[in-house]
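# Observations on chain architecture
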Amino acid sequence: MMKSTALKLTATILLITGFFVSAFSQSQINVVTTAVPFLRISPDARAGGMGDLSLATDPDASSSYFNLGKVPFNASPGGVNLTYTPWLKQLVNDVYLASAAGYYKMDENSAISANLRYFSLGSIQFTDAYGNNLSTANPREFGVNVGYSRKISDKTALGIGLEYIYSNLAGGYSSNGTSYKAGTAVAGNLGLYHDGKNEAGQGWAWGLALSNLGSRIAYTNNADQKDYIPANIGIGTTYTKVFDESNKISFGVDLNKLLVPTPPVVTGNGAVDTANYNKYHNQSVIGSWFSSFGDAPGGFSEELKEVQASIGVEYTYNNQFSLRGGYFYEDKTKGNRRYFTTGIGIKYNIFGLNFSYLIPTGGAGATQNPLSNTLRFSLVFDFNGEGASNTNQ
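Scoring rules and cut-offs
Residues numbered from 1 in each chain as written. Predicted model: local features only at pLDDT ≥ 70, side-chain atom pairs only at ≥ 80, totals over all residues. Heavy atoms only, no water. Helix = DSSP H or I, 4+ residues; strand = E, 2+ residues; numbered from the N terminus. Contact = heavy atoms within 4.5 Å. 1 Å grid on protein atoms, 1.4 Å probe; cavity = no way out; pocket = protein on both sides within 12 Å on 5 of 7 lines; lining within 4 Å. Points joined across faces, edges and corners; volume = space filled by probe spheres on them. Nonpolar A, V, L, I, M, F, W, Y, C, P; charged D, E, K, R; others polar. Pairing = 2+ DSSP bridges. Salt bridge = Lys/Arg side-chain N within 4 Å of Asp/Glu carboxyl O. Buried < 20%, exposed > 50% of the residue type's maximum accessible area, 1.4 Å probe, protein only. Phe/Tyr/Trp six-rings, centres within 6.5 Å; stacked < 30°, edge-to-face > 60°. pLDDT = per-residue confidence, 0-100. Patch = residues over 30% accessible without salt bridge, like charges linked within 9 Å, V, L, I, M, F, W, Y side chains within 5 Å. Areas by Shrake-Rupley, 256 points an atom, 1.4 Å probe, with all protein chains shown as cover. Lys, Arg positive; Asp, Glu negative; His and termini not counted.

Right, let's talk about the side chain of Ser-54 for a bit. Relative to the helices and strands, Ser-54 is located in the loop between helix 2 (45–48) and helix 3 (63–66). In this view, Ser-54 contacts Ala-47, Phe-66, Lys-70 and Asp-254; residues no more than four positions away in its chain are not counted.

Below you can see the structure in the form of structure tokens.
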């Protein structure tokens, strides 16, 4: 009976996190999946309006989510970003991601930062094998990150962070001698940012980020049932063109790849499939990061398909109003998420608002995004609005 309940919960979780799992087609057999996929949801409406572009964009109060190296380059001494993201709004009204981030500059060269992501999966009804209602639960997950960033030159900064991850999907239930518990993990984050713009604010910037580098997570006491968390490497660049004191435009591209092994292809041979699964599942954490660059059954060409691309643009007027657009691309054999985004930003003194809207695209086989046709927003507090160098803080 409880086994059926656990399976019902698992199916529900997969539906909710379907954003990360493909609508399978004949050619789609090696989608890379992880536990706690909420860590891959963009937690900021500004980045969300630019196709999730974030690694080398102008620093703001949400920088610690994406690239800790950007934090010391904020013009203001401190700031806070609060974001609310509805999830699967077209189907349910109680699933959401709430996030908060902030930073404080201790001096011109160093800063501390922190952020929180809280993912509520709403209310889930448990049933037995016959469909009879048993009880309800409220699965939830969160991640807390604290970081320290420092300039290592006038143009370059490095940041490091420590993250705690908590995931309670079926805690307190048991079946056939197996007890389900909340899963926890600890991870690290690294960020490098180089600001190559001139005094007028025109030029190139680039960023590199390693995120969620940490332990695997388990929901039982069985050591063989630990799952990978979404370790990721990302690199991005942005170019800013300044027309005059009131007008500028930035455009850029980010490339991201999960540092998670590719699941083995099912052969139908029980002994072979068991051996392949054990090899996939029992790698060391550090070993899995390196193996993720060369373990795809299709070789290097398949590894390239695991790279996701974000392309975005932002026009800013008078450091008070921004228009944004972007596109996110994922190969059809690795998730098939493809969508356009648009957004606006408004800033007045110490307050700011960012809005973003996601427009799904692609053919009939494209995966429907849980954020499709959903408006999400961020509220920004700038501790020193007079000194801000851009409208995004």
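With that out of the way, let us pick up unusual backbone geometry. Unusually for a residue other than glycine, Asp-52 sits at a positive phi of about 70 degrees. Tracing the backbone through its elements, the reader meets Asp-52 in the loop between helix 2 and helix 3. Backbone geometry at Asn-319 places phi at a positive 55 degrees, although glycine is not the residue there. Position of Asn-319 among the secondary structure elements: in the loop between strand 14 (308–317) and strand 15 (321–329).

Right, let's talk about empty space enclosed by the protein for a bit. The full count for this structure, using the stated rule, is five cavities of 30 Å³ or more. Lining the largest cavity are 48 residues, and of these Leu-39, Arg-40, Ser-211, Asn-232 and Asn-256 sit closest to its centre. Those elements that provide at least two residues to the lining of the largest cavity are helix 3, strand 3 (110–120), strand 10 (183–195), strand 11 (203–214), strand 12 (232–242), strand 13 (247–258) and strand 14. The residue makeup of the lining of the largest cavity, split by class, is 20 nonpolar, 16 polar and 12 charged. Space inside the second largest cavity adds up to approximately 60 Å³. Forming the boundary of the second largest cavity are Asn-212, Gly-214, Ser-215, Arg-216, Tyr-228, Ile-229, Ala-231, Leu-259, Val-260, Val-285, Ser-288 and Trp-289. For the lining of the second largest cavity, the elements supplying multiple residues, two or more each, are strand 11 and helix 5 (285–291). Of all the elements, helix 5 adds the most residues to the lining of the second largest cavity, at three residues. For the lining of the second largest cavity, the class distribution of residues is seven nonpolar, four polar and one charged.

On a regular strand, one side chain projects to one face of the sheet and the next to the other, so that they alternate. Of the strand pairs in this sheet, strand 7 (residues 156–168) and strand 10 are connected by 12 bridges, and their pairing is antiparallel. By the bridge assignment, Gly-161 is partnered in strand 10 with Asn-189. Where strand 10 and strand 11 come together, eight bridges link them in antiparallel fashion. Bridge pairing in strand 11 places Leu-192 opposite Leu-208.

Attention now moves to the pattern of salt bridges. Working definition: two side chains of opposite charge can pair if their charged atoms are close together. For the structure on display, the rule yields 13 salt bridges. In this structure, Asp-60 engages Arg-46 in a salt bridge whose closest nitrogen and oxygen atoms are separated by 2.8 Å. Separated by 14 residues along the polypeptide, Asp-60 in the loop between helix 2 and helix 3 and Arg-46 in helix 2 bring together distant segments of the chain. By relative accessible area, Arg-46 is classed as buried at 2%.

The subject of this paragraph is the pairing of strand 2 (residues 96–105). Pairing analysis gives nine bridges linking strand 1 (residues 78–86) to strand 2, with the strands arranged antiparallel. Of the residues in strand 2, the one forming a bridge with Thr-83 is Ser-99. Bridging between strand 2 and strand 3 involves 10 bridges; their strand directions are antiparallel. The residue bridging Ala-100 from the neighbouring strand is Leu-116, located in strand 3. As consecutive antiparallel partners, strand 2 and strand 3 are separated by four residues.

For the structure on display, the rule yields 16 aromatic pairs. For the pair Tyr-96 and Tyr-118, a centre-to-centre distance of 6.4 Å together with 45 degrees between the ring planes defines the contact as tilted. One end of the pair, Tyr-96, is in strand 2; the other, Tyr-118, is in strand 3, and 22 residues separate them in sequence. For Tyr-96, a relative accessible area of 25% puts it in the partly exposed group. Of the residues examined, Tyr-118 reaches a relative accessible area of 27% and is grouped as partly exposed.

We now examine the confidence of the model for the protein. Averaged over every residue, the pLDDT of the protein is 85; residues scoring 70 or more account for 84%. The least confident element of the protein, judged by mean pLDDT, is helix 1 (residues 2–16) at 43; the most confident is strand 12 at 98. Predicted confidence is poor over residues 1–28, with pLDDT under 50, and the contacts of this stretch with residues over four places away or in other chains come to 65 contacts. Low confidence marks residues 385–393, where pLDDT is under 50. Its contacts with residues over four positions away, or in another chain, come to 43 contacts.

Attention shifts here to the environment of Phe-340. Summarising the element assignment, Phe-340 is placed in strand 16 (residues 338–348). The exposure class assigned to Phe-340 is partly exposed, which follows from its relative accessible area of 43%. Between the C-alpha atom of Phe-340 and that of Gly-48, which follows or precedes it by 292 residues, the distance is 9.9 Å. The contact partners of Phe-340, leaving out residues within four places of it in the chain, are Gly-326, Tyr-327, Tyr-357, Leu-358, Ile-359 and Thr-361.

A surface patch of nonpolar side chains, amounting to about 550 Å² of accessible area, comprises Tyr-104, Met-106, Ile-112, Tyr-148, Ile-160 and Leu-190. Residue position: Met-106 is located in the loop between strand 2 and strand 3.

Our next topic: the side chain of Asp-331. Tracing the backbone shows Asp-331 in the loop between strand 15 and strand 16. Nearest to the buried, unbridged Asp-331 among oppositely charged side chains is Lys-305, at 4.9 Å. Leave out the neighbours within four places in its chain, and Asp-331 touches Lys-305, Asn-336 and Arg-338.

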